[in-house]
Amino acid sequence: MTTTTPYPPDPQAPHNDLPGRVMAREMAEQPAVLRRILSQGAPAIRQVAQEIAARSPRFVLLTARGTSDHAALYAKYLLEIRLGLPCGLTSMSTTTAYGARPDLTDVLVITVSQSGGSPDLVASTRAAREAGAITLAVTNNPDSPLAGVSEYHLDIMAGPERALPATKTYTASLLTLYLFVEGLRDGDGSAAKVLPDIAERLLARQDEVRTLAARYRFAERMVITSRGYGYPTAKEAALKLMETSYIPALAYSGADLLHGPLAMVDNVSPVIAVVTDGKGGEALRPVLDRLRGRGADLVVIGPRHQVEQASAGFVLPTEDVAEELQPILEILPLQLLAYEVTIARGQDPDAPRALAKVTETR
């Protein structure tokens, strides 16, 4: 018999040591975290953005690991699409292992890290500042070593995150980065005000996700695909599934999926498509047609008309949500899916084997 943790769990309940209770609680906190950023954090984010905009950075480099790397990828889409600023994702080993010292004069270097404690992130950010970069740390810890070596810092205000799988710090990072980019372009970020209430409604639909989890609890592998703003969501969902349930989950851009990996798709292993309502979703349509043509077990996270054409799915209410904001909502049912699949497989998502909360890479 499978035991399911009440969601959100009652911290005063007598059985609050059930598997997954910490991850469940932190997923449930996300609407409150989003509200906190919008009401308390937005003015400071805007001030930092205006100061950096006044320095006219010539391009942007983004530095991160793991879940934060997916938040950085989201920022890359925002910066290139909304501002036209060329961006790159850095390879820290060029600095920390090989000792490279490129000229970063007037380059904005954004380092995203939940803990702000990984030595390679700190070392590469320090080296970037010494090389002339404008350095910005985005963390959940204003007192971290990373914040200390950076010229600017943004606090994502998620509160302590104790579960090993990052949930609320991911969505908090996305919203903080969105508001920062809006500040760079002198926008007010008001489009994000709809997010907390919608997030609350999505998280309340856990029974729908539990049904999907029962369908896929015995999956031997999963493929997750998207395009545009949804691609970071696909990568983060794959990571959540692998680190909690240990199911090999492969994330591909829809375009890359057609360049070879499509050959491994069959009618047994599920394919999860994150279909953003907008240009990214339109670009994904030929991929969805090919997947359906191969008889794939296709799960769609996205608009109703796309879910209705799939084997299964989860409908996202996207009518009043700008495309660039949808990733903050898209990941929520996928976090729940990773949680529910893990519980259904008799494992504890709070304690993935061989993982630590702060990963000290060098």
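Because the structure is a prediction, the values reported are computed rather than measured.

How should the pairing of strand E8 (residues 270-274) be read in this particular structure?
Working note: regular strand, side chains alternate between the two faces of the sheet. Summarising burial for E8: 5 of the 5 residues are buried, a large majority. Burial along E8 is two-sided: the face carrying Pro270, Ile272 and Val274 and the face carrying Val271 and Ala273 are both buried. The sheet contact formed by strand E6 (residues 222-226) and E8 spans 4 bridges and is parallel. Considered in E8, the bridge of Ser226 is made with Val274. Where E8 meets strand E9 (residues 297-302), 5 bridges bridge the pair, whose relative direction is parallel.

Help me understand unusual backbone geometry, please; the structure alone is not making it clear to me.
Most peptide bonds take the trans form, and the phi angle of most residues other than glycine is negative. The phi angle at Ser56 is positive, at roughly 50°, despite the residue not being glycine. Positionally, Ser56 belongs in the loop between helix H2 (30-53) and strand E1 (59-63). You will see that Tyr246, though not glycine, has its phi angle at about 70°, which is positive. On the secondary structure map, Tyr246 appears in the loop between helix H10 (231-245) and strand E7 (249-253).

Hey, could you run me through the packing of aromatic side chains in this one?
Pairs of aromatic rings are described using the distance from one ring centre to the other and the angle between the two planes. Scanning all chains against the criterion turns up 2 aromatic pairs. Here Tyr77 and Tyr229 contribute two aromatic rings whose centre-to-centre distance is 6.1 Å and whose plane-to-plane angle is 45°, an arrangement assigned as tilted. Within this pair, whereas Tyr77 is found in helix H3 (residues 66-83), its partner Tyr229 is found in the loop between E6 and H10, the two being separated by 152 residues in sequence. In this structure Tyr229 comes out as buried when scored by relative accessible area, which is 5%. Linked through ring pairs, Tyr74, Tyr77 and Tyr229 together constitute an aromatic cluster. Of note, Arg205 hangs over the ring of Phe314, and the distance from its end group to the ring centre comes to 3.9 Å.

Help me out: how do you make sense of the nonpolar core in this one?
Taken as a class, soluble globular proteins show a tendency for nonpolar side chains to be buried jointly. Counting residues in each nonpolar core, the largest one holds 84 residues, and the members touching the most others are Ile110, Leu136 and Phe180. Counting residues per element, this core draws most heavily on helix H14 (residues 326-344), which supplies 11 residues. In this structure Ile110 touches Val60, Leu61, Leu62, Thr63, Leu79, Leu136, Val138, Leu177 and Phe180, once residues within four positions along its chain are discounted.

How should I be thinking about the sheet that holds E8 in this particular structure?
The strands that make up a sheet are held in pairs by hydrogen bonds between backbone atoms, and each pair lies either parallel or antiparallel. The sheet built from 5 strands is open, its strands ordered E7-E6-E8-E9-E10 with parallel pairing. In this open sheet, the two strands that pair with only one neighbour each are E7 and strand E10 (312-315). This sheet shows a mean twist of 15° between the axes of neighbouring strands, independent of strand direction. Pairing of E9 with E10 involves 4 bridges; the strand directions are parallel. Residue Ile301 lies in a different strand from E10, and its bridge partner there is Phe314. Across the sheet, H14 is in contact with E8, E9 and E10; its angle to E8 comes to roughly 155°.

Help me out: how do you make sense of the confidence of the model for the protein chain in this one?
A low pLDDT score tells you not to read the predicted coordinates there in detail. Residues of the protein chain with pLDDT of at least 70 account for 91%, and the chain-wide mean is 90. Throughout residues 11-15 the model reports pLDDT below 50, and contacts reaching past four residues in sequence, or to other chains, amount to 1 contact.

Sorry if this is basic, but what is going on with the pairing of E7 here?
For E6 and E7, the ladder comprises 5 bridges, and the chain directions are parallel. What sits directly across from Thr225, in E7, is Tyr252. Regarding topology, H10 serves as the crossover connection from E6 to the parallel E7, and that connection is right-handed.

Can you help me understand the sheet that holds strand E5 (residues 152-155) in this one?
Spatially, 5 strands are ordered E2-E1-E3-E4-E5 in an open sheet, and the strand pairing comes out parallel. On the outer flanks of this sheet lie strand E2 (87-89) and E5, each paired with one strand and no other. Neighbour-to-neighbour, the strand axes of this sheet turn through a mean angle of 20°, independent of strand direction. Sheet topology note: the strand E3 (residues 107-113)/strand E4 (residues 134-139) ladder contains 6 bridges and is parallel.

Looking at this structure, how should I read the packing of helix H7 (residues 168-184) against H14?
Between two packed helices, what matters for the description is the angle formed by their axes and the separation of those axes. Running from N to C, H7 and H14 cross one another at 170°; their axes reach a closest spacing of 10 Å. Taken together, H7 and H14 sit at an angle that is classed as roughly antiparallel. Contacts from Tyr170, Thr171, Leu174 and Leu175 in H7 reach Pro327, Ile328, Ile331, Leu332 and Gln335 in H14. A per-class count over the contact of H7 with H14 returns 7 nonpolar, 2 polar and no charged.

How each quantity is defined
Residues numbered from 1 in each chain as written. Predicted model: local features only at pLDDT ≥ 70, side-chain atom pairs only at ≥ 80, totals over all residues. Heavy atoms only, no water. Buried < 20%, exposed > 50% of the residue type's maximum accessible area, 1.4 Å probe, protein only. Helix = DSSP H or I, 4+ residues; strand = E, 2+ residues; numbered from the N terminus. Pairing = 2+ DSSP bridges. Phe/Tyr/Trp six-rings, centres within 6.5 Å; stacked < 30°, edge-to-face > 60°. Lys NZ or Arg CZ within 6 Å of the ring centre and 35° of its normal. Core = buried A, V, L, I, M, F, W, Y, C linked by side-chain atoms within 4.5 Å. Contact = heavy atoms within 4.5 Å. Axes fitted to C-alpha atoms, helices over the stretch in contact; angles between N-to-C directions. pLDDT = per-residue confidence, 0-100. Right-handed = clockwise from strand over helix to strand, strands pointing away. Parallel < 35°, antiparallel > 145°, perpendicular 65-115°, else oblique. Nonpolar A, V, L, I, M, F, W, Y, C, P; charged D, E, K, R; others polar.

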